[in-house]
Amino acid sequence: MDIAYVVTTVLAAAAALLAAGIDVVRAEWVRTNMRAYGVPQSWLTPLAVVKAVGGAGLLVGLAVPPIAVAAAAGLVGYFVGAVVTVVRARQYTHIGYPLPYLALAAASLGLSVAA
């Protein structure tokens, strides 16, 4: 297994799990941003679950490669949606929040497909 793939995947998983944890504790800044984006606060838990399942899937995927591809693809889709949501809300200064997560998920996807 390629070292770059493992490191990228573990970082992407940790980032997704951290983001899920932040949603679960409902940090005030997250709730403020969600209001600004027009996302109902009731969506925080389901969105956290999606991120947590994606992060866990990346880790499981280190042993079962097809799961890694599915988890990474799901996270890429999720974070593309996050970027679209931020842009749609015209909160351009917030675009830096979902982009690193998207980059990690995309790198993990690319490396998992290449492996």
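Residues numbered from 1 in each chain as written. Predicted model: local features only at pLDDT ≥ 70, side-chain atom pairs only at ≥ 80, totals over all residues. Heavy atoms only, no water.

Draft legend 1. Here's a closer look at the layout of surface pockets. Of the voids in this model, the largest pocket is the one considered here, and its volume is about 350 Å³. Along the walls of the largest pocket sit 18 residues, with Met34, Tyr37, Leu47, Tyr78 and Ala82 positioned nearest its centre. Of all elements in the fold, only α2 (28-37), α3 (44-61) and α4 (65-88) reach the threshold of two or more residues within the lining of the largest pocket. With six residues, α4 is the largest single contributor of residues to the lining of the largest pocket. For the lining of the largest pocket, a count of residues per class yields 13 nonpolar, three polar and two charged. (1 Å grid on protein atoms, 1.4 Å probe; cavity = no way out; pocket = protein on both sides within 12 Å on 5 of 7 lines; lining within 4 Å. Points joined across faces, edges and corners; volume = space filled by probe spheres on them. Helix = DSSP H or I, 4+ residues; strand = E, 2+ residues; numbered from the N terminus. Nonpolar A, V, L, I, M, F, W, Y, C, P; charged D, E, K, R; others polar.)

Draft legend 2. Inspection of helix α5 (residues 98-114) at higher detail. An ideal rise of 1.5 Å per residue puts 24 Å on 17 residues; α5 measures up with 24 Å between its terminal C-alpha atoms. Burial in α5 covers these residues: Pro98, Tyr101, Leu102, Ala105, Ser108 and Ser112. Take α5 and look down its axis: the buried residues cluster within an arc of 130°, on one side only. Buried residues in α5 make contact with α1 (3-24), α3 and α4. (Expected span 1.5 Å × (residues − 1). Buried < 20%, exposed > 50% of the residue type's maximum accessible area, 1.4 Å probe, protein only. Arc of directions from axis to C-beta. Contact = heavy atoms within 4.5 Å.)

Draft legend 3. Molecular detail of the UniProt feature "transmembrane region" (unreviewed entry) in the protein. Look at the UniProt record and you will see "transmembrane region" (unreviewed entry) annotated at residues 43-62, 69-89 and 95-114. In this annotation, residues 43-62 is assigned 90% helix and 0% strand; the end-to-end C-alpha distance for the span is 29 Å. For residues 69-89, helix accounts for 95% and strand for 0%, while the C-alpha atoms at its two ends are 30 Å apart. (UniProt positions renumbered as here; feature names shortened; annotations may be inferred.)

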